[in-house]
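# Coordinate inspection notes
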Amino acid sequence: MSSSAADRLEFRAAAVAGHRAARTTSHIAAVLRVTLLDLLRRPIVPILMYSLAALMGVMPFIPFLTLGQENRLVRDANLSLILMFGIALAVYAAGTCLYREMHRGGGELLMSKPISPLAFLAAKYAGVIVVLSLFMLAATPVFMVSSRASRGLVQVDWRLEGPLLGGLIAAPVLAALIALRRRRSLSQHAALLLPAVGIAVFGTTALRGSGHPLPDDFRTGYLLAAAAGVGLVLVNIAALAMTLSTRLSVPVAASITVLALVVGLCSGSMPMDGPGFLLNAFVPDWMNFWILSSVPPASPHLAPLFLWNLIQSLLFASALFVLGYLLFRNTDIVKKPT
Amino acid sequence: MHAVQQHASAQQEPVVILRDLSKVYRDFWRRTRIRAVQRLSVEVFRGEVFGLLGPNGSGKTTTLKMLVGLLHPTSGSILILGRTPRSAATRRILGYLPEESPLYPFLSAREALDFYARLFNLSGPERRRRVDQLLEMTGLTHVADRPIGQYSHGMVRRVGLAQALINDPDIIVLDEPTAGMDPLASRQVKDILRSLADQGRTVILSSHLLADVEDICDRIAVLYNGRLRAVGTVEELLVRGDRLIVSLPAADADLLQKITGEIRRRTHREPDISHPRRNLEDFFLDLIRTARDAEASDLSGAGEPGQVAEYLDHYAEHGETPPPHRIQAEKRK
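Residues numbered from 1 in each chain as written. Chains lettered and ligands numbered in written order. Predicted model: local features only at pLDDT ≥ 70, side-chain atom pairs only at ≥ 80, totals over all residues. Heavy atoms only, no water.

### Overview of the side chain of D38(A)
The line we're drawing: Helix and strand assignments follow DSSP, with helices taken as H or I runs no shorter than four residues and strands as E runs no shorter than two, numbered in order from the N terminus. Identification of polar contacts relies on pairs of N or O atoms within 3.5 Å, with a donor-acceptor requirement for protein atoms, meaning one able to donate a hydrogen and the other able to accept it, and with residues adjacent in sequence counted only if both atoms are side-chain atoms. The contact criterion used throughout is that any non-hydrogen atoms of two residues lie within 4.5 Å.
Of note, D38(A) is situated in helix 2 (residues 20–40). Here the side chain of D38(A) touches R42(A) through a polar contact of 3.4 Å, side chain to side chain. Beyond its immediate stretch of four places on either side in the chain, D38(A) contacts E101(A) and F106(B).

Below, the structure written as structure tokens:
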């Protein structure tokens, strides 16, 4: 063997050996950044975010049309909308971002560089979680302003609803202007601007108050806990879709994920003996997260229930990540149809 | 002079060893779908340009992907400087250009090269220096901040080549490196690869463009249906010992008749007489160079590639001088 080339190899290996953690962190950060840019430039991401926000923006008008008796329905419908749109985004983002990269995109180049499969996979999981966080950051303020505005009973509270609808229109216009000036993807700017605008609108309207006395189940903390519960469901769904996509094509991974979602929704109503027990052990009862919005606000069980949901979610997602790594580490990076 | 001659002593030691390498692609039910590579054994030496030649589906790309650790061999082994391709230490000294340059279309060339440099943990100033030099080397400096999605295929290939060299690699693996390039860019890429090999780097490339392979490779392996059919230097494989070409200045008919008559009398065979031809690539390049000299063109795409990047040029000096601890160890032996 050539001594000089071997020496260079040994020298380089020794030079980086002492900074393994820093190196891995730097790799994860670099891959996370491109994963995020890759996901955000896909038009489906802002389309889902804006459609959801727009639907929730007009929700407060329902009490107006139904003689003002359904303000609670607005809150629950908003949560359902977040869950449905969020599941679509989670399955799409998680199912495609790893599989497409491995078998169609830059994974071939990436995995020929000195990045470990673990760091690569962690960056992909983190990228999807950041996208879902942006989605929740956009959805939550709109959900809260929309739900609180519906407390205006027969009349919509324009002090809350006005800035919200204005912000929803202003965000894409601003994104288009920035994209035009920077000659970059409109989708990326739109997906990043909506959460910022949503938070700004919520900040200004919340400080001003709704003008109506709020019952407990419309207070900020309570609504936040319900939205966070839905966010945890989305993280679990995404982890499941991504783990399946380490070996399965996008349609198959998406189908199994949706099947698991349905089974999970059913598992709560099954008896806890025999197959029901096994089902409850392996597939989370997604309704558990949902129950948060049904617990009376003053109940002492609210905080422990949320904590239990959080722990269960983290455990489920972590187990899926470990399984994903075991499946991924020996996968061939080869061109496949998506 | 080719590196194969310059580095004659170093060449006796292989840097890449493939032993009985096989790859079988299986379907979901583990049934054999394709035997892409079958019992391939080849050694590649330091400082040579080694070409894998074969028609589509002959196993070239599969072999290269196993070499860089993207595919797992079904059986057999690969050693790169004594290590497996999957080890991070091996990947630090490898540069790889895949067949299709799967770069992120939303990044600019500068951002893409910076991203790949980060994966080698280069410091900020070092990254910037290398990126600038490689952009200059590949003639992309003036379009460096445009998204890659707006590049032509040839320009994308140049970015691909630049990323393969970002880590100052010892071994460069290239799958169809000149695919999609115009003849001028293709010639420049071949010159860059030749000069890298002359500095002591090992270049392994695959191509089905026979002229490209003949042009720059020191040794060639010919694959067909996943099996090795021939391996050797270009001279060994292509020279016909039973024929001889004598090139003369243009001669009048009388002289020509005398020469052919003499050949016929001595060999009892009919000699072939024809005018030598340039190949189409040389003709095209001459034509373009003349046209370029005649009129200064306003290029909207890629510019003229520059010299090999400075840090790549310095390799020979650093790479061929063993560090002191190595020399002392040799002396002790």
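### A word on the packing of aromatic side chains
Note the following rule: Paired rings are identified among Phe, Tyr and Trp, the last through its six-membered ring, by centres lying within 6.5 Å, and are further divided according to the angle between planes into stacked (under 30 degrees), edge-to-face (over 60) and tilted (the rest). Partly exposed residues are those whose accessible area sits between 20% and 50% of the maximum for their type, while under 20% is buried and over 50% is exposed, using a 1.4 Å probe and protein chains only. Our definition puts a charge over a ring when NZ of Lys or CZ of Arg is within 6 Å of the ring centre and also within 35 degrees of the ring normal.
By the definition in use, this model includes five aromatic pairs over all chains. Consider the rings of F120(A) and F328(A), whose centres lie 5.5 Å apart with planes at 20°: the pair is stacked. Taken together, the residues span a long stretch of sequence, with F120(A) in helix 7 (residues 117–149) and F328(A) in helix 14 (residues 302–328) at a distance of 208 residues. The pair formed by F120(A) and F328(A) is uniform in burial state, with each residue classed as buried. With 5.5 Å between their ring centres and 45° between their planes, Y104(B) and F106(B) make a pair best called tilted. A single burial state applies to Y104(B) and to F106(B), both of which are buried. Three or more aromatic residues joined by ring pairs make a cluster, and in this case those are Y104(B), F106(B), F115(B) and Y116(B). Across the ring face of Y116(B), the terminal group of K113(A) is positioned such that the distance to the ring centre comes to 5.3 Å.

### Remarks on helix 11 (residues 250–267) of chain A
Residue and element names in this part refer to chain A. In plain terms, the rule: Expected helix span is computed as 1.5 Å times (number of residues minus one). Picture the helix axis, draw a direction to every C-beta atom, and the arc is the one those directions span.
Taking 1.5 Å per residue as the helical rise, helix 11 with its 18 residues ought to reach 26 Å, and the 25 Å between its terminal C-alpha atoms agrees with that figure. Considered for burial, the residues of helix 11 that qualify are V250, A253, T257, A260, L261, G264 and S267. Take helix 11 and look down its axis: the buried residues cluster within an arc of 125°, on one side only.

### Re a nonpolar patch on the surface
All names here are of chain A. Convention followed: Candidate patch residues must exceed 30% relative accessible area and have no salt bridge, after which like charges are joined if within 9 Å and Val, Leu, Ile, Met, Phe, Trp or Tyr side chains if within 5 Å. Each accessible area is a Shrake-Rupley result for a 1.4 Å probe, and residues are judged covered by the shown protein chains and nothing else. The term salt bridge refers to a side-chain nitrogen of Lys or Arg lying within 4 Å of a carboxyl oxygen of Asp or Glu.
Taken together, the side chains of I169, V173, L174, L177, I178 and L180 define a hydrophobic patch exposed on the protein surface, amounting to about 580 Å² of accessible area. Mapped onto the elements of the fold, L174 is located in helix 8 (residues 158–182). Assessed through its relative accessible area of 41%, L174 is described here as partly exposed.

### Observations concerning the sheet that holds strand 9 (residues 227–233) of chain B
Residues and elements named next belong to chain B. For clarity, the cut-off: When DSSP locates at least two bridges between a pair of strands, those strands are taken to pair. Axis geometry follows a simple rule: fit a line to the C-alpha atoms, using only the stretch in contact for helices, then measure angles between N-to-C directions, giving values from 0 to 180 degrees.
Strands sit in the order 5-6-7-3-8-9 across an open sheet of six strands; the sheet is mixed. Among the strands making up the open sheet, the edge pair consists of strand 5 (94–97) and strand 9. Averaged over all pairs of adjacent strands, the angle between strand axes in this sheet comes to 15°, irrespective of strand direction. Along the sheet face, helix 6 (residues 153–164) touches strand 5 and strand 6 (171–175) and points at about 165° away from the line of strand 5.

### Some words on the pattern of salt bridges
Residue and element names in this part refer to chain B. This model, assessed by the stated rule, comprises 26 salt bridges over all chains. Between R219 and E48 there is a salt bridge, with the nearest N and O atoms lying 3.0 Å from each other. Within this pair, whereas R219 is found in strand 8 (residues 219–224), its partner E48 is found in the loop between strand 2 (32–45) and strand 3 (49–53), the two being separated by 171 residues in sequence. E48 matches R219 in its accessibility class, with the two residues each being buried.

### Some remarks on the sheet that holds strand 2 of chain B
Residues and elements named next belong to chain B. As summarised here, the arrangement of the three strands in space is 2-1-4, forming an open sheet in which the pairing is antiparallel. Pairing within the sheet leaves two strands with one partner each, and these edge strands are strand 2 and strand 4 (75–80). Going across the sheet, the axis of each strand differs from the next one's by a mean of 20°, ignoring polarity. Pairing analysis gives five bridges linking strand 1 (residues 14–26) to strand 4, with the strands arranged antiparallel. If you follow L18 over to strand 4, its bridge partner there is I78. Here helix 2 (residues 60–67) sits on the sheet and contacts strand 1, strand 2 and strand 4; the angle it forms with strand 1, its principal contact strand, is near 120°.

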